[in-house]
Amino acid sequence: QFAASIKYANDQLADFQKHRGDRPSLFRSPADAWRTFGKASHGIQDFFSHSNFVDLYREYLIAQKRAINPAETPSFSDVFDPKGGAYESHAGFRGWLADNKRTFQTGTFSLRNMRDPSPRSHHSMHKDNPFPNDPGRNQLHQMAREAAIKETRQAAEKGSAFRGADAAPFGR
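Figured I'd write up the structure that's included with this text. (Residues numbered from 1 in each chain as written. Predicted model: local features only at pLDDT ≥ 70, side-chain atom pairs only at ≥ 80, totals over all residues. Heavy atoms only, no water.)

It is worth spelling out the packing of aromatic side chains at this point. Enumeration according to the criterion identifies 24 aromatic pairs in this entry. Aromatic pair Phe48 and Phe53: ring centres 5.3 Å apart, planes at 85°, arrangement edge-to-face. Summarising the burial analysis for this pair, Phe48 and Phe53 share the class buried. With centroids separated by 5.4 Å and ring planes inclined at 75°, the aromatic side chains of Phe76 and Phe162 adopt a geometry described as edge-to-face. Residue Phe76 is located in helix α4 (residues 76-80), and its partner Phe162 is located in the segment after α7 (135-158); the two are separated by 86 residues in the primary sequence. (Phe/Tyr/Trp six-rings, centres within 6.5 Å; stacked < 30°, edge-to-face > 60°. Buried < 20%, exposed > 50% of the residue type's maximum accessible area, 1.4 Å probe, protein only. Helix = DSSP H or I, 4+ residues; strand = E, 2+ residues; numbered from the N terminus.)

Structure follows, in structure tokens:
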């Protein structure tokens, strides 16, 4: 599931990168180019909003008795891309994931039960919007937003997202 989503986002990014700027374009219009980038960035942003990536990062910070500042939430590539500048600074998080046998999970989605209260449901996991009456969940929303912005910017600059994914602990 994760691998197919990452491939789709990176395929869309590759199309966008190949045909943007001053290069000859196969897009019919600038709107077509941005639509392609939107398809890629939507998948990138959904990863942070609909997986437990930021939940685990927050859990790690709490275990380390470190302050939680949503603006300092890393992107996926910051954590797992050994060629990235932030890789070494996230060795502790990668080690904590391995030591605690934690994996990245995504929520299940059912049109029949949009408000499914089970822990792995879309309704329980999503961080799509602020939660003003739930400080913990609101913090997760802020962290997901920050990580998604960083990953999207990095993807636009480098032409690929989720760099280092082969080394990440994905669950089922």
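Of the voids in this model, the largest pocket is the one considered here, and its volume is about 320 Å³. Around the largest pocket sit 13 residues that line it, and Ser5, Gly43, Asp46, Phe47 and Thr106 are the ones nearest its centre. Of all elements in the fold, only α1 (2-19) and α2 (30-50) reach the threshold of two or more residues within the lining of the largest pocket. For the lining of the largest pocket, the class distribution of residues is 6 nonpolar, 6 polar and 1 charged. (1 Å grid on protein atoms, 1.4 Å probe; cavity = no way out; pocket = protein on both sides within 12 Å on 5 of 7 lines; lining within 4 Å. Points joined across faces, edges and corners; volume = space filled by probe spheres on them. Nonpolar A, V, L, I, M, F, W, Y, C, P; charged D, E, K, R; others polar.)

Under the defined criterion, the tally for this structure stands at 5 salt bridges. Salt-bridge contacts for Lys7 lead to Asp11; the nearest nitrogen and oxygen are separated by 2.7 Å. With Lys7 and Asp11 both in helix α1 and 4 residues apart, the pair spans about one turn of that helix. Look at Asp11 and you get partly exposed, because its relative accessible area is 36%. Here Glu146 ties to Arg145 by a salt bridge, and the two come within 3.5 Å at their closest N and O atoms. Looking at Glu146, the relative accessible area reads 19%, which means it is buried. With a relative accessible area of 40%, Arg145 lands in the partly exposed category. (Salt bridge = Lys/Arg side-chain N within 4 Å of Asp/Glu carboxyl O.)

Attention now moves to the packing of helix α3 (residues 53-63) against helix α5 (residues 91-99). Look at α3 against α5: their axes get within 10 Å of each other, and the N-to-C directions meet at 100°. Classed by the angle they form, the pair α3 and α5 counts as roughly perpendicular. Every residue of α5 that contacts α3 at Phe53, Leu56, Tyr57, Glu59, Tyr60 and Ala63 is listed here: Gly92, Phe93, Trp96 and Leu97. (Axes fitted to C-alpha atoms, helices over the stretch in contact; angles between N-to-C directions. Parallel < 35°, antiparallel > 145°, perpendicular 65-115°, else oblique. Contact = heavy atoms within 4.5 Å.)

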